[in-house]
Structures are given as C-alpha cells and as structure tokens.
Amino acid sequence: MHINDAVFLEDLCPKFRLRQWRKSIHRFTGKSCIYCGKPSESIDHILPRSQGGLSTTENCVPACLSCNGDKSDANALYWYRKQKFYDPRRAMAIRAWLEGDLRLAIRLLQWANPNSKINKKNCKIDESKYKAA
Ligand SMILES: [Zn+2]
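Definitions and limits used
Residues numbered from 1 in each chain as written. Predicted model: local features only at pLDDT ≥ 70, side-chain atom pairs only at ≥ 80, totals over all residues. Heavy atoms only, no water. Donors = N, O, S within 2.8 Å, 3.2 Å for Na, K, Ca; no water. Tetrahedral: all angles 85-135°; square planar, octahedral: opposite > 155°, others 65-115°. Salt bridge = Lys/Arg side-chain N within 4 Å of Asp/Glu carboxyl O. Helix = DSSP H or I, 4+ residues; strand = E, 2+ residues; numbered from the N terminus. Buried < 20%, exposed > 50% of the residue type's maximum accessible area, 1.4 Å probe, protein only. Pairing = 2+ DSSP bridges.

## Concerning the coordination of the zinc ion
Line of reasoning, step 1. Looking at the zinc ion, one finds its protein donor set to be Cys 33 (SG), Cys 36 (SG), Cys 64 (SG) and Cys 67 (SG), positioned 2.3 Å from the metal centre.
Line of reasoning, step 2. Taken together, the 4 donor atoms coordinating the zinc ion span angles of 103 to 116° at the metal, a pattern that classifies the geometry as tetrahedral.
Line of reasoning, step 3. When the donor residues of the zinc ion are listed from N- to C-terminus, their spacing reads C-x2-C-x27-C-x2-C.

## Brief notes about the pattern of salt bridges
Line of reasoning, step 1. Under the counting rule described, the total for this entry stands at 2 salt bridges.
Line of reasoning, step 2. One salt bridge in this structure joins Lys 71 and Asp 44, with 3.2 Å as the shortest N-O distance. Taken together, the positions of Lys 71 in helix α3 (residues 65-71) and Asp 44 in strand β1 (residues 42-45) put the pair 27 residues apart, joining distant regions of the chain.
Line of reasoning, step 3. The class for Lys 71 is buried, based on a relative accessible area of 2%.
Line of reasoning, step 4. For Asp 44, a relative accessible area of 3% corresponds to the buried category.
Line of reasoning, step 5. Across the salt bridge formed by Asp 87 and Arg 89, the nearest N and O atoms sit 3.0 Å from each other.
Line of reasoning, step 6. A residue is classified by how much of its surface remains accessible, and Arg 89, at 27% relative accessible area, is partly exposed.

## Overview of unusual backbone geometry
Note: most peptide bonds trans; most residues except glycine with negative phi.
Line of reasoning, step 1. Non-glycine residue Lys 31 carries a positive phi angle of around 60°.
Line of reasoning, step 2. Along the chain, Lys 31 turns up in the loop between α2 (14-28) and β1.
Line of reasoning, step 3. Of note in the backbone geometry, Ser 72 takes a positive phi value of approximately 50° without being a glycine.
Line of reasoning, step 4. Inspection of the secondary structure puts Ser 72 in the loop between α3 and α4 (76-81).

## Thoughts on the pairing of strand β2 (residues 60-63)
Line of reasoning, step 1. The two faces of β2 match: Cys 60 and Pro 62 on one face and Val 61 and Ala 63 on the other face are all buried.
Line of reasoning, step 2. Bridge count for β1 against β2 is 4 bridges, and the pairing is antiparallel. In the sheet register, His 45 faces β2, and the bridge partner there is Cys 60.

Structural data, given as structure tokens:
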C-alpha cells in the first residue's frame, strides 16, 4: 500500500483533531489560565482573530472564561498589563508562548505559581536555578 493511501482518523474527523489539540493546549499549563492562574475553560487567541491572529499553538493559550471575555479583541500583552493580577513572569510566559518557546513559557508559569498542577514529569522543568535566586 502506498503511504498516500493511508487513511488517518484525524483526516476523516477534523473535530477529533481539534479536540486533541485543544486538550494539549490546556495540558501545557496544567489546565490553568495563563493570565490569572484560575482553571482554564477556553482557548484564547493572543493576537485576536479579528487582527489576523491564527489558530496555531503559538497564538492560542488556555484562559478562563472571565479573562477571555474581558480581554475580548484587545492585544493580550497590552490588556494583561492593566490587570490586577498582573505578574511580570506570566507576561514573559505569554511572550515566550507567542514566540513558540513553550518550554520557557511553562517554566515561567511554574515560577509564577509554584503550587500549580503543571505536570513536571511531562515537562521536565528544571526549577533549581529559580530556587537559588
Ligand atoms: Zn483568567
């Protein structure tokens, strides 16, 4: 059989792929909102779709409904700076995420919230250098 004849479940069912992708986004942060740390219930576009933002992993972050709704079509970094729960480490994490450096983003989030449920086994984050600081 030629490789091009192979049928993948994901191709047959785009919804399945979308669901898997959304799940993986939430898993990166241990199902917590990248902005405030509450449970993430939605996917937020850092650069809003109305401004040409794509539905790629780099541009999509887990967010709670409150942050997602409040941010609406604003630029995420600009909006986040004005929030009560602003944390510069999270702002750096959002920037790293946007640049595609998820490992750095997760490390920064963990630093901002050491008690989070981020799965250390999956991410293999080295915290030691932050503890020394
Ligand atoms: Zn939030």
